[in-house]
Structure formats: structure tokens, C-alpha cells
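Structural features, examined
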Amino acid sequence: MPKALSWLAILSLTASAAVFLPQQATASDTASVATLLSSLTVTPESNTGYNRDLFQHWVDADSDSCDTRSEVLQQESLTPVTFSSGCTVATGKWTSWYDGGTWTNASDVDIDHLVPLAEAWGSGASAWTAEQRRDYANDLTLDVALEAVTDNVNQSKSDRDPAEWMPPLAGTACRYATDWVLVKYRWQLAIDQAESAAISSAINGSCGSTQVAVPTIAVDATPTEPITFSDVNSSTQFNAEISWLASQGISTGWVEANGTRTYRPLSPVNRDAMAAFLYRLAGKPAFTPPATSPFTDVTPSSQFYKEITWLAAKGISTGWTEANGSKTFRPLTPVNRDAMAAFLYRFGGNPEFSEPGTSPFEDVPVGTQFYKQITWLASQGISTGWDIGYGCRAYNPLQPVARDAMAAFMYRFVNGGTGGITGNTCSPPPPPVTPEPPTPQPPVTPQPPANPGNSKNCTDFATWRQAQDWFDYYFPWYGDVAGLDSDGDRIACETRPGHP
């Protein structure tokens with residue numbers, strides 16, 4: 001039985017932080033369960049910082065003295081309810097479709113958030129305002145969001161998703177998985193890979209092709225409150241651009257274990273994440289991802305499957321053709337600066353541009369891969385590289401793009417760059433002249449001393465050392481000219497004092 005609010009209650013919820021959109025789905029707004037599932041973003045979830053008190057419930061939205069629990073009990077009871085006091089329901093008749101149990105005492109029945117509050121927090125609600133979380137916890141507009149079920153079965157379910165828990169009653173898997181998808185679609189909540197696989201299994205076959213009314217999207221995913229990051233401050237490079245990116249909902253970073261939010265500005269951007277950034281930069285356009293992936297390394301349960309296939313459908317990136325003819329996207333490969341230029345050029349609709357005959361960058365010669373896209377980027381002032389001195393600039397095309405630089409790229413793409421360049425003013429000084437080595441001089445040939453003849457006797461020397469030095473000086477030229485070596489052993493005057 002549908003659960004509905006009065007006109008005043010709907011108006012009250014609509015007015016809170018522009019959460020509810022004014023239009024309602026019509027009978028013609030239908031889609032298959034599988035299509036709605038494929039439209040959800042697949043990404044890891046984190047319950048860091050979760051506290052049940054962050055979701056105010058139960059509230060009396062229409063001010064009729066009956067809170068949300070009472071409203072659900074009244075709507076789902078198969079017989080008229082009785083009240084113990086005020087609008088507190090005491091008895092009625094409720095059948096819990098999770099387990100088939102039937103109850104007449106309201107105390108035996110819990111009101112289950114089909115997608116638990118902790119699950120909602122980890123898949124997107126952590127970025128919501130307090131009003132948005134209140135509205136989620138009391139959503140009476142979507143009749144499957146809140147269910148009256150057996151209390152101990154609800155407690156057994158706790159905060160678990162379909163990968164961890166399904167209703168114990170046989171034959172309920174399709175209904176439960178369908179309702180789960182409807183709630184997540186309405187509130188634009190993500191799913192993780194295990195959750196996606198479990199739901200895909202549950203709706204396999206005719207269940208997945210069942211046409212359902214498309215719920216009105218209830219929450220604007222764009223943050224309504226400024227987001228601050230503990231690892232980004234006024235002295236951080238590209239601080240303003242990072243703050244802008246967060247304000248646009250393009251990237252809201254990570255919630256850490258201590259409850260703070262970080263941006264991780266120096267982490268490289270992988271290709272799957274770049275697809276998500278560009279999809280959000282485009283305003284999250286309506287797109288139904290294909291049931292079969294165009295890439296062998298990306299499946300419908302892959303993180304950012306919708307965004308990757310949208311990127312491919314737009315021709316922004318069509319991946320690689322492998323040797324066996326298959327197509328791959330390489331989702332976990334970092335995006336280099338040359339590829340970033342190509343992404344943005346194609347994202348911008350491949351604008352008319354005549355690349356310059358002289359490159360503005362010393363490391364991007366004419367003919368380089370993505371030369372046109374890189375020089376277009378420079379001409380728009382989206383990235384003018386680095387000044388390396390003497391009017392010369394470098395682009396570093398093969399350097400991975402870090403998250404801070406990505407914020408700057410996107411900010412300038414949307415808001416306009418400054419100081420675009422097309423020419424080249426590089427004038428490095430001439431290299432220093434290396435002097436010629438001196439010409440080596442020819443070796444000097446020693447000249448012989450004058451021949452002393454037989455002019456010395458051993459007695460002319462006071463010591464043996466003096467005699468030996470005289471002998472050694474003339475011997476190479478004239479031999480033992482003075483007859484000082486009587487035994488021919490080249491030791492002169494062995495009788496003089498000092499002979500060893």
C-alpha cells in the first residue's frame with residue numbers, strides 16, 4: 001500500500017535545502033530495474049564518521065501529531081489501528097514480507113529503512129546536509145523506502161546490504177533487490193562492487209527486465225555547504241581551484257578515520273576517476289550505460305562503469321585495441337598530461353584550431369602525440385607548462401596528472417585560462433666555447449755531459465757516496481772512464497768510508 005504525505009508535509013520537505021525536486025514521475029516515466037541499477041555509480045563505500053543521530057527521526061513532517069513511525073504503521077496495517085495515547089499506535093495487523101510473519105501488537109513491528117542509515121551514509125549521505133539526512137530518514141514519498149517488518153528480523157538485517165543479507169522468506173529476492181535499487185536511485189546513492197554483483201544476481205532474468213516507475217530524484221548531489229579539506233589550506237598550490245571543484249560536486253575527497261575530509265592533492269588521477277570527473281563536470285547528463293561493456297577490462301560492476309561508458313560513447317576516450325582485437329580502457333592507469341590535454345579537447349567538442357608550426361614547449365616537438373591538443377590547451381591558457389628560463393617553456397607531457405593540477409585544468413576549462421601562448425620565445429644563451437687543448441711539446445732529449453776522462457782517483461773522494469754519485473753520473477755516457485770500479489760490479493771506490 002503506498003504511503004503518502006499530505007500536501008503540507010510534501011511542501012515542508014520540498015522547502016528544506018532544495019532537497020526535493022518539484023516534478024513528479026508520471027506513468028510514462030518507466031525503466032527496467034536493470035537499467036536503473038546500471039545508472040548507479042559503483043564505488044567503494046566508507047562508514048567512517050557515521051552516527052545514527054546524524055539522521056533525525058522520527059519526525060512529524062505534516063504537523064498532525066503523528067510521527068513517521070506512526071504514519072507507516074497506519075498505512076501498512078491491514079485493519080484499522082488503535083492508539084494507546086495520542087498518535088502512538090498500539091494494535092493493528094501487519095504482515096512482514098521479509099519473513100511472512102503477521103503481528104497485531106505494534107511493539108512487535110519495526111519500521112525498517114530498506115536501505116539502512118549507515119549504508120546511506122557510506123554511499124553518499126555523508127556529504128548531505130542535516131536536513132537532507134532528516135528527509136531521507138523520514139521518506140514517505142517513496143512507498144518502499146520504509147517497511148513495517150518483524151522486529152527481530154529487522155535487527156538481524158542491521159546495517160547490511162544485499163551482498164550480506166537478504167530477506168529469509170523464499171521468493172522475495174527480486175522484490176527486495178528492486179526496492180533497494182529504487183531507493184538508491186531516488187537518493188542518488190552509490191553502490192559498491194559486491195553490492196552491485198549481489199543485486200545483479202538477484203534480478204537476473206525477467207526480474208531485471210521488469211518495468212518500474214522511475215522515482216523522482218530526491219536530493220541534489222551538489223554539496224550545499226562548503227567543503228573543507230584537512231590537507232588543503234590557503235598556502236596549498238591551486239587551493240582556490242580545489243575548493244571550486246568541491247563546490248561543484250566534482251570531487252568531495254575522502255572521509256578519514258578521524259572524521260576529517262581530505263583531498264590528497266598530490267595523488268595521481270587514474271583513468272577511471274578521470275571519467276568520473278569529466279562526467280560530473282558535464283553536469284551528470286542523462287545516460288543509460290550499456291548492458292555489455294565495450295571494454296574487456298571494465299564490467300558493469302566496475303567502479304565508475306557508467307562514467308567510463310559515457311566517456312566512450314562521447315568519443316572522449318575509446319581506449320586501446322589490443323593485439324587480439326579486443327578493446328581495453330585500462331581504468332587504473334594514471335592519466336598523463338598529454339592525455340589530459342586530449343581528454344579536455346574532445347570534451348570541449350574538438351574545437352577548430354590550427355596548431356602552430358613552432359611548438360611553444362621545448363619538450364613537445366611538432367608531430368608529438370597529441371601535439372594539436374596540447375598546443376590548443378596552451379593557447380587557451382588552461383596549461384602553459386613551466387618556465388625553464390630564457391623564455392623557454394616545458395610541458396612535461398608524460399608526467400602523471402596530480403589531483404591538484406586536475407582541479408586547475410578543469411577550473412580554467414570552465415572559467416577561462418589566462419595568458420595563453422602559441423609562439424615560442426625561447427632564446428637560450430649559446431653554449432660556452434671549449435678552448436682548444438694546448439699542443440703537447442716534444443720531449444726534451446737529455447744532452448750528455450762533457451767527458452771528464454780519467455781525471456779522478458778514489459782518493460779524490462772523501463766518502464764512498466761522493467765517489468758513487470760521480471760514477472753514476474758519467475757511467476751512462478762514458479762507462480767507467482776513470483777506472484773507479486775495479487771489479488766491474490758498478491760499485492765505485494769500495495774502499496772509501498761509508499761503503500755499505
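Here we look at the side chain of lysine 306
Tracing the chain through its elements places lysine 306 in helix α12 (residues 305-313). Lysine 306 has contacts with Ser38, Ser39, Tyr279, Phe287 and Pro289, leaving out every residue within four places of it along the chain.

A word on the nonpolar core
When a protein is soluble and globular, its nonpolar side chains tend to lie buried together. Counting 54 residues, the largest nonpolar core has Met274, Leu278, Met406 and Met410 as its most contacted members. At the level of elements, α10 (239-247), α11 (271-281), α12, α13 (337-347), α14 (371-379) and α15 (403-415) are the ones that each hand at least two residues to this core. When residues of this core are assigned to their parent elements, the largest contribution, eight residues, is made by α11. Counting residues in each nonpolar core, the second largest holds 42 residues, with Val181, Tyr185, Val214 and Ala218 among its members.

Things to note about the pattern of salt bridges
All chains considered together, the criterion is met by eight salt bridges. Lysine 184 serves as the salt-bridge partner of glutamate 195, at 2.9 Å between the closest nitrogen and oxygen. Of the two residues, glutamate 195 sits in helix α8 (residues 193-202) while lysine 184 sits in helix α7 (residues 173-186), which places them eleven residues apart along the sequence. With respect to class, glutamate 195 is no different from lysine 184; both count as buried. Between arginine 330 and glutamate 322 there is a salt bridge; the shortest N-O distance is 3.1 Å. One network of salt bridges, with partners in common, ties together Glu45, Glu119, Lys184 and Glu195.

A word on the state of the cysteines
Tallying each qualifying case throughout the model produces four disulfides. Across the disulfide, cysteine 458 is cross-linked to cysteine 493 (sulfur-sulfur distance 2.2 Å). Between cysteine 458 and cysteine 493, the disulfide has an S-S torsion of -90° and is therefore left-handed. Of this pair, cysteine 458 sits in the loop between α15 and α16 (464-478) while cysteine 493 is found in the segment after α16, placing the two residues 35 residues apart along the sequence.

Quick notes on the packing of α13 against α14
At a minimum axis separation of 8 Å, α13 and α14 run at an interaxial angle of 75°. Judged by the inter-axis angle, α13 sits roughly perpendicular to α14. Facing Asp338, Ala341, Ala342, Leu344 and Tyr345 of α13, the residues of α14 in contact are Lys372, Gln373, Ile374, Trp376 and Leu377. Here the residues of the contact of α13 with α14 are counted per class, giving seven nonpolar, one polar and two charged.

Definitions and limits used
Residues numbered from 1 in each chain as written. Predicted model: local features only at pLDDT ≥ 70, side-chain atom pairs only at ≥ 80, totals over all residues. Heavy atoms only, no water. Helix = DSSP H or I, 4+ residues; strand = E, 2+ residues; numbered from the N terminus. Contact = heavy atoms within 4.5 Å. Core = buried A, V, L, I, M, F, W, Y, C linked by side-chain atoms within 4.5 Å. Buried < 20%, exposed > 50% of the residue type's maximum accessible area, 1.4 Å probe, protein only. Salt bridge = Lys/Arg side-chain N within 4 Å of Asp/Glu carboxyl O. Disulfide = S-S within 2.5 Å. Axes fitted to C-alpha atoms, helices over the stretch in contact; angles between N-to-C directions. Parallel < 35°, antiparallel > 145°, perpendicular 65-115°, else oblique. Nonpolar A, V, L, I, M, F, W, Y, C, P; charged D, E, K, R; others polar.

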